[in-house]
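Each chain, letter by letter, is given below.
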Amino acid sequence: MNEAPHKVDHIGIAVKSLEEHLPFYTQVLGLKHLGTEHVESQHVNVAFLQIGETKLELLEPTRSESAIAAFIDKKGEGVHHVAIGVTDISSRLQELKENGIRTLQDQPVPGAGGAEVAFLHPKSTGRVLYELCEKK
Ligand code: ZN
């Protein structure tokens with residue numbers, strides 16, 4: 001069995017516009033903006049903000065077919081997922097599947113910040129979308 005995960009790597013938050021929401025985080029809360037990158041595979045712009053040992057990840061859809069655009073259409077802006085930092089993501093994913101947990105990806109996929117990520121199906125987790133995230 002894999003060792004228990006020991007940190008929340010980040011919390012993902014869906015926003016319609018980074019430009020509109022970033023000032024709250026940087027100017028009002030005073031968090032450090034670590035950078036913004038475009039993740040083409042998921043049709044999103046992603047901004048990371050450092051908050052203590054973890055991060056907030058603001059996700060702005062760049063196309064209507066983005067899963068984040070669909071989320072905002074259905075539920076509005078807000079908390080989208082919780083990312084659990086893990087090591088050896090492939091074996092962790094395999095172990096979860098063996099325990100009957102549904103996943104959205106069979107294999108880890110490239111995520112923001114050079115991480116490998118995979119999502120667990122909310123139907124298997126009490127309706128929380130969890131991301132497994134391994135930083136290389
Ligand atoms: Zn994430």
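Refer to the preceding data block for the structure.
Let me begin by describing the structure that accompanies this report.

Conventions and cut-offs
Residues numbered from 1 in each chain as written. Predicted model: local features only at pLDDT ≥ 70, side-chain atom pairs only at ≥ 80, totals over all residues. Heavy atoms only, no water. Buried < 20%, exposed > 50% of the residue type's maximum accessible area, 1.4 Å probe, protein only. Helix = DSSP H or I, 4+ residues; strand = E, 2+ residues; numbered from the N terminus. Arc of directions from axis to C-beta. Contact = heavy atoms within 4.5 Å. Polar contact = N/O pair within 3.5 Å; in protein donor to acceptor, adjacent residues only side chain to side chain. Donors = N, O, S within 2.8 Å, 3.2 Å for Na, K, Ca; no water.

Of the residues making up helix 2 (residues 67-75), those classed as buried are Ile68, Ala69, Phe71 and Ile72. Taken around the axis of helix 2, the buried residues stretch over an arc of 160°, which confines them to a single face. Set apart from the buried face of helix 2 by more than 90 degrees, the exposed residues are Ala67, Asp73 and Lys74. For helix 2, the elements touching its buried residues are strand 1 (7-14), strand 3 (44-51), strand 4 (54-61) and strand 5 (78-85). N-capping of helix 2 is provided by Ser66, with a side-chain oxygen placed 3.0 Å from the backbone N of Ile68. Among the residues trailing helix 2, Gly76 stands out with phi positive, at a value near 85°.

Right, let's get into the coordination of the zinc ion. Coordination of the zinc ion by the protein is provided by His10 (NE2), Glu57 (OE), His81 (NE2) and Glu131 (OE), with metal-donor distances spanning 2.0 to 2.3 Å. Sequence positions of the residues that donate to the zinc ion give the spacing H-x46-E-x23-H-x49-E. With a gap of 24 residues between them, Glu57 in strand 4 and His81 in strand 5 connect regions that are remote in the sequence.

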